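Given next are the chains, with one letter for each unit.
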Amino acid sequence: MSPIATPAARDRLRIAIQKSGRLADPARALLSSCGLSWRESRDRLFCYGESLPVDLLLVRDDDIPGLIADGVCDLGVVGRNVLQEQDTDRRAGGRASAFREWRALGFGGCRLALAVPEAWAWEGPAQLQGTRIATSYPALLAQWLAGEGIDAQVVQLSGSVEIAPKLGQADAVCDLVSSGATLAANQLKPVMTLLESEAVLAGPVTAFDDARRELADMLLRRLDGALRIRNSKLLMFQASREAVPGLLPLLPDAEAPTVMQVDGCDSLALQALCHGAVTWQRLEDLKRAGARGLLVLPVEGMLA
Ligand code: ATP
Ligand code: ZN
């Protein structure tokens, strides 16, 4: 029997990620950094977990919330935009939530924005009354319009939303924006943000009640460590006791430094985990303030 056809095997965790697209590589890289590895299968839709009983299913991002709702997958990496759209749609149809965001993952950042033709003088949401708005996010748009008390026609399109005004299909659009270049290329300008989005780890509404619970807890602990150290560096240096109060303000992004007495001399050895960029400029500022022997080390793992 194919492994995909056996959702009853509840001692393994199954995570859905995007097969190809913006979130595919970063999702895999993040899970790998949590110590997961997989044996590639020939169909490349299912990857059997080798280091841990955690398998991957490679799918279209839009399918991920439904796979979790149906219990085919336990967890998924998907844009908050997709997750919230499908949850809003479920609830608007009178169904209960069947998945939720477990963790924000810090990549795939974008926003769901309302954009209007550049020629419009934007005066506020009331201007949308009676217009047609093209979107691939009809539930989120409808919810926002209802909240604003605006009666507008939602034109649902599955792609190429930005050209809808040019084609005469709509007056405005509600679409994902990151740099805004695509909107600008279509003579549109973003005027409102409906949702700030990024990739998230999605899971069921309630915790697992079998062997998957321990696996999921372990994965979350590792994920939290990986997310915390994502851009972090360990900074080590020496300084005299008197210099320390002048050095600490130069480390506003650091966790409380570990301070060690160096035997037989007056100086202290310090190490600090910095979560912001440790630039040459910063090292030079620290040196001027009395730090010596500065060493910047990459951080490979962290378990709080
Ligand atoms: P699939 O074939 O899996 O359905 P897709 O075309 O729907 O792929 P992508 O374009 O790869 O999906 O986008 C996946 C996710 O990346 C989006 O849902 C969103 O969360 C995020 N994202 C980040 N920046 C952008 C952007 N500028 N445009 C669209 N999505 C973006
Ligand atoms: Zn998609």
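Presented here is a report on the structure given in the accompanying data block. (Residues numbered from 1 in each chain as written. Chains lettered and ligands numbered in written order. Predicted model: local features only at pLDDT ≥ 70, side-chain atom pairs only at ≥ 80, totals over all residues. Heavy atoms only, no water.)

## Brief notes about the sheet that holds strand β8 (residues 132-135)
Here is step 1: Strand order in the open sheet formed by five strands is β9-β8-β10-β7-β11, and the pairing between neighbours is mixed. In the strand order of this sheet, the two ends are held by β9 (153-156) and β11 (188-197), each with one partner. Each strand of the sheet is rotated relative to its neighbour by a mean of 25°, with strand direction disregarded.
Here is step 2: One ladder, built from three bridges, connects β8 with strand β10 (residues 172-177); its direction is parallel. Looking across to β10, one finds that Ala134 is bridged to Val173.
Here is step 3: Helix α3 (residues 80-92) contacts β10 and β11 of the sheet and is inclined by roughly 80° relative to β11. (Pairing = 2+ DSSP bridges. Helix = DSSP H or I, 4+ residues; strand = E, 2+ residues; numbered from the N terminus. Axes fitted to C-alpha atoms, helices over the stretch in contact; angles between N-to-C directions. Contact = heavy atoms within 4.5 Å.)

## Some points on helix α6 (residues 212-228)
An α-helical turn contains 3.6 residues, so any two residues separated by three or four positions project in the same direction.
Here is step 1: Here α6 is 17 residues long and its end C-alpha atoms lie 24 Å apart, about the 24 Å a rise of 1.5 Å per residue gives.
Here is step 2: Contacts made by the buried residues of α6 are with β1 (13-18), α1 (24-33), β4 (54-59), β5 (75-79), β6 (100-104) and β12 (199-203). (Expected span 1.5 Å × (residues − 1).)

## Digging into the pairing of strand β14 (residues 258-261)
Here is step 1: Two strands pair when backbone bridges link them, and β14 and strand β15 (residues 267-274) are joined in this way by four bridges, in the antiparallel orientation. Looking at the pairing, Gln261 lines up with Leu268 of β15.
Here is step 2: Between β14 and β15, which follow one another and run antiparallel, lie five residues, and Gly264 among them has a positive phi close to 75°.

Don't take any of this as a statement about function, it's just geometry.
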